[in-house]
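Notes for the structure review
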Amino acid sequence: MLVEFADVSKVYGREIVALDCINLVIEKGEFIFITGPSGAGKTTLLKLIYMDEFPSKGEVRVGDYSSSTIHGKDIAMLRRKVGVVFQDFRLIPDLSAFENVAIALRAAGKKAADIRKRANIVLHSVGLSAKRHQLPPKLSGGEQQRTAIARAIALRPSLLLADEPTGNLDPDTALGIFDLLVDINRAGTTVVVATHDLRHAERLGKRVVRLDAGRLVSDEGGK
Ligand code: ADP
């Protein structure tokens, strides 16, 4: 799915300009970092992509959907094609890793046998087969994030968004999470990662878009 921001501004309330006239195209299959200091607008940019927020001006297009015309049911359809992971994992603490993944598949109307099969496959692909019956509080931070990633990719989204996915993790664990995101990208999913930590972007040699106070100040690297 192609993502396109056309002259997008986002103002919260009367005067908090979170994004200021952003023009950006993210091609299908890309891996892109959105960086910038705290408050730069990174989370807002991601929220506009999964249409949790809407532009105050301009238009966001995601695949066939447009922020100007999308409504109701289509937002739910879009969300099935866009996986999201967060800094704080957002797992359900009293459900096992397996159940956390299964619930996403169940919500999309999958059949029980397919749910079991798919949940096991994605948990295996993130390296969590052995721990799939553990509750999140019994898992390490890295394992919790792997579970959240498994849940996010369970429905084979075209696009995976990650908002500071390693913000709660130590540097070694963070490395593993970024390598996993790169693997997911290689398998064909477009990946957009918001992070204030530039080291990984540099190490991986990917495209980096830098925001500062809501403005897009640079767009470098990648292919
Ligand atoms: P980042 O992810 O780069 O830290 P954000 O997108 O979270 O940046 O925030 C950009 C700006 O918008 C900040 O000034 C922040 O305080 C403000 N902001 C974010 N969300 C809201 C909101 N729901 N209501 C009001 N202001 C907000």
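For the structure given in this document, a descriptive report is provided here.

Calculation criteria
Residues numbered from 1 in each chain as written. Predicted model: local features only at pLDDT ≥ 70, side-chain atom pairs only at ≥ 80, totals over all residues. Heavy atoms only, no water. Helix = DSSP H or I, 4+ residues; strand = E, 2+ residues; numbered from the N terminus. Pairing = 2+ DSSP bridges. Contact = heavy atoms within 4.5 Å. Axes fitted to C-alpha atoms, helices over the stretch in contact; angles between N-to-C directions. Core = buried A, V, L, I, M, F, W, Y, C linked by side-chain atoms within 4.5 Å. Buried < 20%, exposed > 50% of the residue type's maximum accessible area, 1.4 Å probe, protein only. Near = heavy atom within 4 Å. Polar contact = N/O pair within 3.5 Å; in protein donor to acceptor, adjacent residues only side chain to side chain. Areas by Shrake-Rupley, 256 points an atom, 1.4 Å probe, with all protein chains shown as cover. Patch = residues over 30% accessible without salt bridge, like charges linked within 9 Å, V, L, I, M, F, W, Y side chains within 5 Å. Salt bridge = Lys/Arg side-chain N within 4 Å of Asp/Glu carboxyl O. Lys, Arg positive; Asp, Glu negative; His and termini not counted. Charge placed at Lys NZ, Arg CZ, Asp CG, Glu CD.

A few words now on unusual backbone geometry. Residue C21 is not a glycine yet carries a positive backbone phi of 50°. You can see C21 is positioned in strand β2 (residues 16-26).

Read from one edge of the open sheet, four strands run β2-β1-β4-β5, paired in antiparallel fashion. Looking along the sheet, the strands with just one partner apiece sit at the ends: β2 and β5 (65-66). Most of the contacts of helix α1 (residues 42-49) go to strand β1 (residues 3-12), to which it runs at about 120°, and overall it touches β1, β2 and β4 (57-62).

Sheet strands pair via backbone hydrogen bonds, and the direction of the pair is either parallel or antiparallel. Read across the sheet, six strands follow the order β6-β7-β8-β3-β9-β10 without closing on themselves; strand pairing throughout is mixed. Each having just a single partner strand, β6 (82-86) and β10 (215-220) make up the two edges of the open sheet. Ignoring strand direction, the axes of neighbouring strands in this sheet form an average angle of 15°. Two elements, strand β7 (residues 159-163) and strand β8 (residues 190-194), share five bridges in a ladder whose sense is parallel. Counterpart to L160 in the pairing with β8 is V191. Across the sheet, α1 touches β3 (31-35), β7, β8 and β9 (207-212), and the angle it forms with β7 is around 155°. Along the sheet, helix α2 (residues 72-81) contacts β6 and β7; its crossing angle with β6, the most-contacted strand, is approximately 70°.

To continue, consider the pairing of β2. In this structure, β1 lies alongside β2, joined through seven bridges in antiparallel fashion. Its bridge partner lying in β2, F5 is registered against L24.

Before going further, it helps to spend a moment on the nonpolar core. By size, the foremost hydrophobic cluster in this structure holds 37 residues, and its most contacted members are F33, V101, I149, L181 and V193. Mapped by element, the contributors of at least two residues to this core are β3, α3 (97-107), α4 (112-125), α5 (141-153), β7, α6 (171-186), β8 and α7 (198-204). Among the elements that make up this core, the one with the highest residue count is α6 (six residues). Leaving out residues up to four positions away in the same chain, L181 has contacts with F31, I149, L160, A162, P165, V191 and V193. With 32 residues, the next largest nonpolar core counts I26, L48, Y50 and F86 among its residues.

Let's shift gears to the environment of L24. When you line up the elements, L24 lands in strand β2. For L24, a relative accessible area of 3% gives the class buried. With 19 residues separating them in the primary sequence, L24 and F5 have C-alpha atoms 5.0 Å apart.

Within the structure, the ligand sits among Y12, I16, A18, P37, S38, G39, A40, G41, K42, T43 and T44. A40 is positioned such that a nitrogen or oxygen atom in its backbone is 3.1 Å from an oxygen atom of the ligand. Taking K42, its side chain carries an N or O atom lying 2.8 Å from an oxygen atom of the ligand. For the ligand, whose accessible area on its own is 560 Å², the fraction buried by protein is 61%. Secondary structure elements with two or more residues in the shell around the ligand: β2 and α1. When residues of the shell around the ligand are assigned to their parent elements, the largest contribution, three residues, is made by α1.

Let's shift gears to a positive patch on the surface. A contiguous patch of positive charge on the surface is contributed by R80, K110, K117 and R156. Within the secondary structure layout, K110 lies in the loop between α3 and α4. For K110, a relative accessible area of 42% corresponds to the partly exposed category.

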